[in-house]
Amino acid sequence: GQQLNQSPQSMFIQEGEDVSMNCTSSSIFNTWLWYKQEPGEGPVLLIALYKAGELTSNGRLTAQFGITRKDSFLNISASIPSDVGIYFCAGQPGGSGGSYIPTFGRGTSLIVHP
Amino acid sequence: NAGVTQTPKFQVLKTGQSMTLQCAQDMNHNSMYWYRQDPGMGLRLIYYSASEGTTDKGEVPNGYNVSRLNKREFSLRLESAAPSQTSVYFCASSLRRTFTDTQYFGPGTRLTVL
């Protein structure tokens with residue numbers, strides 16, 4: 001199956017710092033999705049990207065669809081304690097003849113110290 | 001409006017036992033999905049139902065069966081549980097019949113097979 005490498009695996013930061021994480025794929029995706037999962041809960045969609053080069057923001061979160069279509073990035077500015085959770089990327093091949101079943105990364109665990 | 005609900009929240013089974021995980025959504029969504037999440041792993045799709053009356057295999061369907069009972073409910077059955085099926089199971093739903101639409105996840109069922 002397709003491989004998604006998400007890094008870093010975990011991050012321990014101070015409140016107010018900016019955060020960057022990324023996902024890379026061995027193959028092309030036509031859609032990239034970023035989710036956040038809090039302890040004991042299901043994932044919640046943060047940002048969806050549909051076009052190579054696209055840059056989309058949702059409050060303090062900004063995500064980019066890489067030009068090569070094989071990577072995506074998520075940035076969180078001025079982190080706050082409630083940003084704590086696991087962030088997952090997911091890619092969908094889609095397109096002509098492609099499957100829309102998403103492939104998920106293994107997640108980036110974010111801990112924010114007050 | 002409860003969104004996506006799952007029962008039970010926790011379950012312990014012995015190898016060879018059977019059980020059904022229940023999922024219901026009250027958002028009048030057309031599509032529903034079952035995922036499993038293993039420690040340190042991303043979500044993997046087990047089965048999905050694009051619309052009432054249809055079901056399709058996902059990435060890891062072996063050992064599972066599903067039933068789309070009606071538009072609201074989508075159940076997942078383990079006929080003969082195995083330790084490898086120890087996982088957290090998430091149900092999700094989306095309005096439109098496509099994976100590109102936003103998926104809303106339930107809180108999960110934590111299953112342990114001894």
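The text that follows walks through the structure, step by step, so that each part is easy to find.

The subject of this paragraph is the overall build of chain A. When helices and strands are counted, chain A shows 0 helices and 11 strands. When the helices and strands of chain A are placed in sequence order, the string is β-β-β-β-β-β-β-β-β-β-β. Its C-alpha atoms give chain A a radius of gyration of 14 Å, within 12% of the compact-globule value 13 Å for 114 residues. By principal-axis analysis of the C-alpha atoms, chain A measures approximately 50 × 25 × 20 Å. Each of the 114 residues in chain A was classed as buried or not, and the buried ones make up 43%. Long-range pairs, those at least 24 residues apart, make up 53% of the contacts in chain A between residues at least 6 apart in sequence. Taken as a whole, chain A presents about 5,400 Å² of accessible surface, with 51% of it coming from carbon and sulfur. When the 6 positive and 8 negative side-chain charges of chain A are each reduced to one mean point, those points stand 13 Å apart.

This paragraph deals with the environment of Leu4 of chain A. Residues and elements named next belong to chain A. Along the chain, the position of Leu4 falls in strand β1 (residues 4–7). Looking at Leu4, the relative accessible area reads 8%, which means it is buried. Those residues in contact with Leu4, other than ones at most four positions away along the chain, are Thr24, Ser25, Phe29, Trp32, Cys89, Ala90, Gly91, Thr103, Phe104 and Gly105.

Right, let's get into the packing of aromatic side chains. Taken as a whole and judged by the stated rule, the model has 7 aromatic pairs over all chains. With 5.1 Å between their ring centres and 85° between their planes, Phe29 of chain A and Trp32 of chain A make a pair best called edge-to-face. According to the relative accessible area criterion, Phe29 of chain A is buried, its value standing at 0%. Given the relative accessible area of 0%, Trp32 of chain A is considered buried. Chaining the aromatic ring pairs together yields one cluster made of Tyr35 and Phe104 of chain A together with Tyr33, Tyr35 and Phe105 of chain B.

Moving on, we come to the interface of chain A and chain B. The interface is formed by 17 residues belonging to chain A together with 19 residues belonging to chain B. Taking both partners together, chain A and chain B bury about 1,500 Å²; carbon and sulfur atoms supply 62% of that area. Together, Ile101, Phe104 and Arg106 of chain A form the three largest contributors to the area buried by chain A at its contact with chain B, with a combined 32%. Between chain A and chain B we count 0 salt bridges in total. The tally of links between chain A and chain B comes to 1 residue pair in polar contact (both at pLDDT 80 or more). Those elements giving two or more residues to the side of chain A that touches chain B turn out to be β4 (31–37) and β9 (85–92) of chain A. Counting residues per element, the side of chain A that touches chain B draws most heavily on β4 of chain A, which supplies 3 residues. Among the residues forming the side of chain A that touches chain B, the class breakdown is 9 nonpolar, 6 polar and 2 charged.

With that settled, consider the pairing of strand β7 (residues 65–68) of chain B. Look at any regular strand and the pattern is simple: side chains alternate between the two faces of the sheet. Residue and element names in this part refer to chain B. Side chains Val66 and Arg68 of β7 all project onto a buried face; the interleaved residues Asn65 and Ser67 project onto a face where none is buried. The pairing of β7 with strand β8 (residues 74–78) spans 4 bridges and is classified as antiparallel. The partner of Arg68 across the bridge, within β8, is Phe74. Here β7 folds back onto β8 in antiparallel fashion, the turn holding 5 residues.

So, about the sheet that holds strand β1 (residues 4–7) of chain B. Residue and element names in this part refer to chain B. Taken together, 4 strands build an open sheet; the order of strands is β1-β3-β8-β7 and the sheet is antiparallel. With one partner strand each, in any of the chains shown, β1 and β7 form the two edges of the open sheet. Along the sheet, successive strands turn relative to each other by an average axial angle of 15°, direction set aside. For β1 and strand β3 (residues 19–25), the ladder comprises 4 bridges, and the chain directions are antiparallel. From the neighbouring strand, Gln6 faces β3, where its bridge partner is Cys23.

Below, the discussion takes up the nonpolar core. If you look at the biggest cluster of nonpolar residues, it comprises 21 residues, and the most contacted ones within it are Trp32, Trp34, Leu74 and Leu110 of chain A. Of all the secondary structure elements, the ones that give two or more residues to this core are β2 (10–14), β3 (19–25), β4, β5 (44–49), β7 (61–65), β8 (71–76), β9 and β11 (108–113) of chain A.

Rules of the game
Residues numbered from 1 in each chain as written. Chains lettered and ligands numbered in written order. Predicted model: local features only at pLDDT ≥ 70, side-chain atom pairs only at ≥ 80, totals over all residues. Heavy atoms only, no water. Helix = DSSP H or I, 4+ residues; strand = E, 2+ residues; numbered from the N terminus. Rg over C-alpha atoms; globule rule 2.2 N^0.38 Å. Buried < 20%, exposed > 50% of the residue type's maximum accessible area, 1.4 Å probe, protein only. Contact = heavy atoms within 4.5 Å. Areas by Shrake-Rupley, 256 points an atom, 1.4 Å probe, with all protein chains shown as cover. Lys, Arg positive; Asp, Glu negative; His and termini not counted. Charge placed at Lys NZ, Arg CZ, Asp CG, Glu CD. Phe/Tyr/Trp six-rings, centres within 6.5 Å; stacked < 30°, edge-to-face > 60°. Buried area = accessible area lost by both parts, 1.4 Å probe. Salt bridge = Lys/Arg side-chain N within 4 Å of Asp/Glu carboxyl O. Polar contact = N/O pair within 3.5 Å; in protein donor to acceptor, adjacent residues only side chain to side chain. Nonpolar A, V, L, I, M, F, W, Y, C, P; charged D, E, K, R; others polar. Pairing = 2+ DSSP bridges. Axes fitted to C-alpha atoms, helices over the stretch in contact; angles between N-to-C directions. Core = buried A, V, L, I, M, F, W, Y, C linked by side-chain atoms within 4.5 Å.

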